Amino acid sequence: PVKASSNFLFNYEFLIPLALFVVFLAVVLPGIAWGAPDIWHPDEIVYVAIKALSSSFDFDTNNYNHPHLPIYLMLGLGKLVLAFGQTDREVLIAARMLSAVLVGLTIVLSYYIPRRMGYNLYIAGLSGLLVLVNSEMIHNGHFAHNDTSVTFFTTLTIFFLVLYKTKQHRGWLYATFYSAG
């Protein structure tokens, strides 16, 4: 019986990171519109993007408190949402959903990093599970926070570096440089 379940996990290994991703979204997405359209402290970065969408606010020269990549991601997402005739409230909710997806992808990457390093799927599953149950990740994934994109791209950089070390292909090294920024 134990061997049969073990074979199932090895045969359908893709289900483990998929389940981690789905469970995270199932925990975070309910109540994602809480408090909208008001901006709460963790949503302060999307406020900059919304302000830039609705006026001629130049955040590049006025805002050094946050990295610019998350602002550009939310600005692009906001332009897309507004193009469909939505309001600032939906821009805020879409930015929160983007944060949730980025944290979910960070959890998936935290599963694949140990797998690519040669560890078994139990260790990799534990790695993903530990990131999943981290209260700070759940909190940041629920709001439009800049930490989610920074964490995602940092984890992606580590993943590409592991791929470079294990496969010895220079393309992964360039992907590491690109994702680092």
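Preceding this paragraph is the structure being described.
As the structure is a prediction and not an experimental result, all values here were calculated from the model. (Residues numbered from 1 in each chain as written. Predicted model: local features only at pLDDT ≥ 70, side-chain atom pairs only at ≥ 80, totals over all residues. Heavy atoms only, no water.)

Considerations on the layout of surface pockets
Roughly 190 Å³ of volume is contained in the largest pocket. Every residue lining the largest pocket is listed: P67, L69, P70, S149, V150, F153, T154, T157, Y178, S179, A180 and G181. For the lining of the largest pocket, the secondary-structure elements that each account for two or more residues are α5 (68-83), α9 (146-167) and α10 (170-180). Looking at the lining of the largest pocket, the element that brings in the most residues is α9, giving 5 residues. Looking at the lining of the largest pocket, its residues break down into 7 nonpolar, 5 polar and no charged. (1 Å grid on protein atoms, 1.4 Å probe; cavity = no way out; pocket = protein on both sides within 12 Å on 5 of 7 lines; lining within 4 Å. Points joined across faces, edges and corners; volume = space filled by probe spheres on them. Helix = DSSP H or I, 4+ residues; strand = E, 2+ residues; numbered from the N terminus. Nonpolar A, V, L, I, M, F, W, Y, C, P; charged D, E, K, R; others polar.)

Looking at α5
Between its first and last C-alpha atoms α5 spans 22 Å; for 16 residues at 1.5 Å apiece the expected length is 22 Å, and the two agree. What α5 keeps buried is the set P70, I71, M74, L75, G78 and V81. In an axial view of α5, the angular spread of the buried residues amounts to 135 degrees, which keeps them on one side of the axis. Of the exposed residues in α5, the ones pointing more than 90 degrees away from its buried face are K79 and A83. Immediately beyond the C-terminal end of α5, within one or two residues, lies G85, with a positive phi of roughly 80 degrees. (Expected span 1.5 Å × (residues − 1). Buried < 20%, exposed > 50% of the residue type's maximum accessible area, 1.4 Å probe, protein only. Arc of directions from axis to C-beta.)

Observations regarding unusual backbone geometry
The phi dihedral of Q168 falls on the positive side, at around 55 degrees, and the residue is not glycine. Following the sequence through the fold, Q168 ends up in the loop between α9 and α10.

Here's the deal with the nonpolar core
With 34 residues, the main nonpolar core has L20, F24, V46, M74, I107 and Y111 as its most contacted residues. Secondary structure elements with two or more residues in this core: α2 (15-28), α3 (44-54), α5, α6 (88-116) and α7 (121-132). Per element, the largest residue contribution to this core is 10 residues, and it comes from α6. Sequence-distant contacts of I107, that is, excluding residues within four places in its chain, are made with L20, F24, G128, V131 and L132. Counting residues in each nonpolar core, the second largest holds 10 residues, with L102, L109, F159 and F160 among its members. (Core = buried A, V, L, I, M, F, W, Y, C linked by side-chain atoms within 4.5 Å. Contact = heavy atoms within 4.5 Å.)

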